[in-house]
Amino acid sequence: MNPRYILGRIGLWLSVFVIVSPAILFFLWMASLSLKFEIDNASYPPVFFPEHIAWKNYADVFASNRFLTYFTNSLVVTGCATALAMLVGVPAGYGIARMAAHKSAIVILIARITPGLSYLIPLFLLFQWLGLLGTLVPQIIIHLVVTVPIVIWIMIGYFETTPLELEEAALIDGATRWQVFRHVALPIARPGLAVAFILAVIFSWNNFVFGIVLAGRETRTLPVAVYNMISFDQLSWGPLAAAALIVTAPVLLLTVMAQRQIVAGLTAGAVKGG
């Protein structure tokens, strides 16, 4: 076997290890913190594998701070924001790609790279004037500012790589443009739809600032629930790590379940130009 090929493979795996290992280490350490009592979390030298597992940390998370309410709020906000983003973004991406509307694509790119905080103050004043502050509606709407440009930009790149011959054949057979989009373009774009859906869920689920500014006491989302576990008089690392893992788990499981579609979408050009 070629020595240059072997060295290249070794270098590749070393690079992957260097990049991925910190994230894996942090995740494992967070899991360790969530399973230890506070005396073990504060011990020196640090204890990675505890002798006694503190399952009560997870029980304390669900029993306090309205965690289940915030979990439901996150499901509603993320689900509605993602569904609306897909409903609007996928047809928009298809139209921009097929019309080669490059100026519109630039506008979408600008909206995508603009920080979400730029929209927070004017939308806060608008929602305050409408009397919607403290409800879930403002959070769903402002999450669209983040999720819709992501979905549109991903779908533009993906539809630009799909073959036009199948759509042209369907048009010749008498199909309307909507039928072509629904029965030809969407099935081909399934991997791209998976990538757009996953990224929209991640960006919406993990958003913190919008939830703490626009929400009320009963309408905050999960990232805010984790923040609320930090107090001035005491910092309990076990319940805090348990809450962080619970917040991470739904997105992590969704990503693992859809990993084949994500890889197919990435390799097929679903994030072209991203």
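Quick notes on the rules
All residue numbers refer to positions counted from 1 along the written sequence of the respective chain. For a predicted model such as this one, the threshold for reporting local features is a pLDDT of at least 70, and the threshold for listing and counting side-chain atom pairs is 80 or more; totals across whole chains, interfaces and linings nevertheless cover every residue. Hydrogens and water are ignored here; the side-chain numbers use all heavy atoms of the structure. Comment: elements are numbered from the N terminus, with helices defined as DSSP H or I runs of at least four residues and strands as E runs of at least two. Here the term buried applies to any residue with accessible area under 20% of the maximum for its type, exposed to any over 50%, and partly exposed to those in between, with areas from a 1.4 Å probe on protein chains only. It only takes one pair of heavy atoms within 4.5 Å for two residues to be counted as in contact. Shrake-Rupley sampling with a 1.4 Å probe provides the accessible areas, and residues are treated as covered by the protein chains on show and by no other component. Residue types Ala, Val, Leu, Ile, Met, Phe, Trp, Tyr and Cys, when buried and joined through side-chain atoms within 4.5 Å, form a set referred to as a nonpolar core. Note on aromatic contacts: the rings of Phe and Tyr and the six-membered ring of Trp form a pair at centre separations within 6.5 Å, being stacked when their planes are under 30 degrees apart, edge-to-face when over 60 apart, and tilted otherwise. UniProt positions are given in the numbering used here, feature names are shortened, and annotations may be inferred rather than shown by experiment. Under this scheme, a helix contributes an axis fitted over its contacting stretch, all axes are lines through C-alpha atoms, and angles between N-to-C directions fall in the 0 to 180 degree range. Reported orientations rely on four angle classes, namely roughly parallel under 35 degrees, roughly antiparallel over 145, roughly perpendicular from 65 to 115, and oblique for the rest. Less than a right angle of anticlockwise turn of the near helix away from the far helix marks a crossing as left-handed, whereas a clockwise turn marks it as right-handed. Residue type decides the class: Asp, Glu, Lys and Arg count as charged, Ala, Val, Leu, Ile, Met, Phe, Trp, Tyr, Cys and Pro as nonpolar, and the leftover types, Gly among them, as polar. For patches, a residue must show more than 30% relative accessible area and have no salt bridge; joins then use 9 Å for like charges and 5 Å for nonpolar side chains, namely Val, Leu, Ile, Met, Phe, Trp and Tyr. Every case where a carboxyl oxygen of Asp or Glu lies within 4 Å of a side-chain nitrogen of Lys or Arg is listed as a salt bridge.

Asker: So what's going on with the overall build of the protein? Residues and values would help.
Answerer: Broken down by element type, the protein carries 14 helices and zero strands. Going residue by residue from the N terminus, the α and β elements of the protein occur as α-α-α-α-α-α-α-α-α-α-α-α-α-α. Per-residue burial for the protein yields a buried fraction of 35% across its 274 residues. Within the protein, residue pairs in contact and separated by at least 24 positions form 75% of the contacts whose partners lie at least 6 positions apart. Of the roughly 16,000 Å² that the protein leaves accessible, carbon and sulfur atoms contribute 72%.

Asker: Talk me through the nonpolar core; I want residue IDs and the actual numbers.
Answerer: The tendency in soluble globular proteins is for nonpolar side chains to be buried side by side. Val90, Val151, Met155 and Phe159 are the most contacted members of the largest nonpolar core, which totals 35 residues. Among the secondary structure elements, those contributing two or more residues to this core are α4 (67–99), α5 (102–113), α6 (120–130), α7 (137–159), α9 (177–188), α10 (190–205) and α11 (209–214). Looking at this core element by element, the count peaks at twelve residues for α7. Met155 has contacts with Val90, Gly93, Ala189, Gly192, Leu193 and Ala196, leaving out every residue within four places of it along the chain. Of all hydrophobic cores here, the second largest spans 14 residues; its members include Phe67, Tyr70, Leu222 and Ile246.

Asker: Give a detailed account of the packing of aromatic side chains, specifying residues and quantitative values.
Answerer: Going through the model one piece at a time under the given rule, you end up with four aromatic pairs. Relative to Phe159, the ring of Tyr94 has its centre 5.1 Å away and its plane inclined at 80 degrees; by these criteria the two rings are edge-to-face. You can see Tyr94 sitting in helix α4 and its partner Phe159 sitting in helix α7, a full 65 residues away along the chain. For Tyr94, a relative accessible area of 5% gives the class buried. When the ring of Tyr94 is compared with that of Phe181, the centres are 5.0 Å apart and the planes differ by 50 degrees; the resulting orientation is tilted. A residue pair is termed long-range when its members are at least 10 positions apart, and Tyr94 in helix α4 and Phe181 in helix α9 qualify at 87 residues. Each of the two residues, Tyr94 as well as Phe181, counts as buried. Taken together, the ring pairs connect Tyr94, Phe159, Trp178 and Phe181 into an aromatic cluster.

Asker: How would you sum up the UniProt feature "transmembrane region" (unreviewed entry) in the protein? Please name residues and give values.
Answerer: UniProt marks residues 12–31, 75–97, 109–130, 136–159, 192–215 and 235–256 with the feature "transmembrane region" (unreviewed entry), using the numbering shown here. Across residues 12–31 one finds 100% helix and 0% strand; the C-alpha atoms that close the span lie 28 Å apart. Across residues 192–215, the secondary structure splits into 83% helix and 0% strand, with the terminal C-alpha atoms separated by 32 Å.

Asker: Mind laying out the packing of helix α8 (residues 165–172) against α9, listing which residues take part and the relevant values?
Answerer: A packed helix pair is summarised by two numbers, namely the angle formed by the two axes and the spacing between the axes. In the contact formed by α8 and α9, the axes pass within 10 Å of each other and the chain directions differ by 150 degrees. By the criterion of interaxial angle, the relationship of α8 to α9 is roughly antiparallel. With respect to the hand of their crossing, α8 and α9 are arranged in right-handed fashion. Contacts between α8 and α9 involve Leu166, Glu167, Ala170 and Leu171 on the former and, on the latter, Arg177, Val180, Val184, Ala185 and Ile188. Taken together, the residues of the contact of α8 with α9 break down into seven nonpolar, no polar and two charged.

Asker: Would you mind going over the environment of Val195 in detail, with residue names and values included?
Answerer: For Val195, the location among the structural elements is in helix α10. Along the chain, Val195 and Ala258 lie 63 residues apart, while their C-alpha atoms are 8.7 Å from each other.

Asker: How would you summarise a nonpolar patch on the surface if you had to cite specific residues and measurements?
Answerer: On the surface, a nonpolar cluster with roughly 1,200 Å² of combined accessible area is contributed by Leu12, Trp13, Val16, Phe17, Val18, Ile19, Val20, Ile24, Phe27, Leu28, Leu252 and Val256. Looking at the nonpolar patch, the elements with two or more residues in it are α1 (3–34) and α13 (237–257). Ranked by the residues each element gives to the nonpolar patch, the list is headed by α1, at ten residues. Here Trp13 is to be found in helix α1.

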